[in-house]
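Letter by letter, the chains look like this.
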Amino acid sequence: MGERGGGTDEARVRREGGEVVPQTDLHTRLQGSLVSACLSLEPKRAVQPSMLTEKVPVGLMSSVVAPEKPTANTMGPKEVELILVKEQNGVQFTSTTLVAPAPSQTHPSGEEERETWGKKIDFLLSVIGFAVDLANVWRFPYLCYKNGGGAFLVPYLFFMVIAGMPLFYMELALGQYNREGAAGVWKICPIFKGVGFTVILISLYVGFYYNVIISWALFYLFSSFTGELPWVHCNNSWNSPNCSDWADNSTVNDIYKATPAQEYFERGVLHIQDSNGIDDLGRPRWQLTSCLAVVIVLLYFSLWKGVKTSGKVVWITATMPYVVLTVLLLRGVTLPGAIDGIKAYLSVDFLRLCDAKVWIEAATQICFSLGVGFGVLIAFSSYNKFSNNCYRDAIITSSINSLTSFFSGFVVFSFLGYMSHKHNVALDKVVRDGAGLVFVIYPEAIATLPGSSVWAVIFFIMLLTLGIDSAMGGMESVITGLIDEFKFLHKHRELFTLFIVTATFLISLFCVTNASIIPQLAGGMYVFTLLDHFAAGTSILFGVLIETIGIAWFYGVDRFSDDIEEMIGQRPGRYWRLCWKFVSPCFLLFMVVVSFAMFNPPNYGSYMFPPWANMVGWCLAISSMTMVPLYAIYKLCTLPGKFCDRLAYAITPETEHHLVDNGEVRQFTLQHWLVV
């Protein structure tokens, strides 16, 4: 301790080293040191008059200016509080205090700063581009028409509110708070990390066949640069004797006839006639293989630098579909019969709501249209700033997705009404969903318009952009999820991205084969159908169910709400908490049971898959779902201690393992399970 000398100018202060220094010199030295220290730190708050303290004896100065003991959290910028201390004899000293930063400025874990989106709009466009995909065009309008028209919006919006938006919000908040991909976020409850690998695998499986759809669109786009579209007549080399236009089809049995557009897709593009079924594999067609290679190259250069590059690509891929849909609608409503098609789309039949199947299809559409459960929303939001308002983002993007589905129905049914009027057939004869709508019916309608090649180019550019940003989202889920889990990959993102897209390309080649070479494998379109049926059906519902249980029940909906409040300064309302804890899990459990109970084996037209093919499909689906129990067993086996201790560590956030050492386990108390 220093000594105070009577208050005179010659007062001296003894320092620890034994050197006696005049008080004025000490003041000068301290002031210079503190200024240097302040300049090396990040100033956060200016000196305020209220910081002036009462007169303090010089003898107490050592306690004021002594450096603070180092704390555990020394990472990240510190706030500097400057306190002016006035001595009795008029000599002034300045001390500093390191103040913990506000939670909105730095991630609480103290981890190194993560890459973030260049602009907020980059993130919003990426989420919208992923959620708004081909299914918004080829699935929702058909479901709406088949299930009571406008009445279908009742169950659709109902499930949107009780499950779609809450789950969408949950994934955005989960990724943003934990700043990691689908597997890494489960440091909040390590035993559930397997569900992270489940969704990563599902995204990878979907990429195997989804990229093929984009390659079809690219093939059609290249084929549209011609004076006469190739799907107009029946005099092409791929046509069969059964090829006939609509006029002929109206007078003969439709089972034995096919339109030029239908034969172009099945025989000219897919070459279905060259394969006898799932057990007949052929060499990849060079045309589709080339298109697939172009798609893979586009994906790679959109993803190789992370969100800095993908965030710029979506400015085109996410906005172009809206421009094209608007142009097509303006053209469609001018066609004869278009209004009749739109009326049929919007016709209200509330009696259809008595059919349980209508509600099941609405629930299924909600589950898949928003893109929940693929790990994409978690990956995208993990690159947000910590204080980003994810609640507002969830409301905006999920609403835009649903409005896009509804809007696309006007575009689709204006052309379907035109086709019905032109060929003088009932609307039911031309309405279909899936690939048949966008690769058969719509191209045929476009072919009848003046300047058909131009309209075809515009339409397939829309399909290309609709697909490419959704494929980017799926690949980003895989890349971010694995890079965050295996840290050494961070330095090799470009090479790892190349590896993922190349592996996807090689597997996708099985979907573009035709002629028989190697028996007992598959024909291209049949592989595609099998993947489409099993890769992301029951397994994605199961993954989201386990994800919701892990967050709302084991981690705790109250703790999760605290995390959200820490980010955006606003705690989720009781409605959201009730949905997360009770409504959404019950909804997802119901959907999983229904998907098993109402399972139908896949088929392509009249072709039924053999039993061994269905077994392969189920193995594919189960391979992703088994990640949950397998990782849980692995975690329990590798942790130390008795079983109860292992379980406690496995269900407690990694940042709270020290509490387990003291016997404090929240999940072992009744209050944890009852609180909402």
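Residues numbered from 1 in each chain as written. Predicted model: local features only at pLDDT ≥ 70, side-chain atom pairs only at ≥ 80, totals over all residues. Heavy atoms only, no water.

The name given to the protein in an unreviewed UniProt entry is Transporter, with the source organism recorded as Scomber scombrus. Recorded under Subcellular location (unreviewed entry), the UniProt text for the protein is reproduced unchanged: "Membrane". Of the protein, the UniProt comment under Sequence similarities (unreviewed entry) reads exactly: "Belongs to the sodium:neurotransmitter symporter (SNF) (TC 2.A.22) family." (UniProt positions renumbered as here; feature names shortened; annotations may be inferred.)

Enquirer: So, the overall build of the protein: which residues are in play, and what are the values?
Expert: A count of helices and strands for the protein gives 27 helices and eight strands. With 676 residues in all, the protein has 54% of them scored as buried. (Helix = DSSP H or I, 4+ residues; strand = E, 2+ residues; numbered from the N terminus. Buried < 20%, exposed > 50% of the residue type's maximum accessible area, 1.4 Å probe, protein only.)

Enquirer: Quick rundown of helix α10 (residues 286-303)? Include the residues and the values.
Expert: The end-to-end C-alpha distance of α10, which contains 18 residues, comes to 26 Å, matching closely the 26 Å that a straight helix rising 1.5 Å per residue would cover. In this structure, the buried side of α10 is in contact with α7 (193-223), α9 (260-269), α11 (307-317), α18 (452-485) and α19 (493-508). (Expected span 1.5 Å × (residues − 1). Contact = heavy atoms within 4.5 Å.)

Enquirer: Explain the UniProt feature "binding site: Na(+)" (unreviewed entry) in the protein to me, using residue names and the numbers behind them.
Expert: The sites that UniProt annotates as "binding site: Na(+)" (unreviewed entry) are G129, A131, V132, N136, S369, N401, L466, D469 and S470. What stands out for the annotated residues spanning 342 residues is how close their C-alpha atoms remain, the widest pair being 14.4 Å apart. As for its position among the elements, S369 is in helix α14 (residues 356-369). Using a relative accessible area of 4% as the deciding quantity, one classes S369 as buried. In this structure S369 touches A131, Y156 and N401, once residues within four positions along its chain are discounted. Excluding anything up to four places from it in sequence, D469 contacts G129, F130, V132, V314, T317 and A318.

Enquirer: Hey, could you go over the state of the cysteines for me, with residue numbers and the actual values?
Expert: In total, this model carries one disulfide according to the counting rule given. One disulfide bridge connects C234 with C243, the sulfur atoms lying 2.0 Å from each other. Its S-S torsion of approximately -70° makes the covalent link between C234 and C243 left-handed. For C234, a relative accessible area of 30% corresponds to the partly exposed category. (Disulfide = S-S within 2.5 Å.)

Enquirer: Describe a nonpolar patch on the surface, with residues and values.
Expert: Judged by side-chain polarity, I121, W315 and I316 come together as a nonpolar surface patch covering roughly 280 Å² of accessible area. Here W315 shows up in helix α11. The exposure class of W315 is partly exposed, given its relative accessible area of 40%. (Patch = residues over 30% accessible without salt bridge, like charges linked within 9 Å, V, L, I, M, F, W, Y side chains within 5 Å. Areas by Shrake-Rupley, 256 points an atom, 1.4 Å probe, with all protein chains shown as cover. Salt bridge = Lys/Arg side-chain N within 4 Å of Asp/Glu carboxyl O.)

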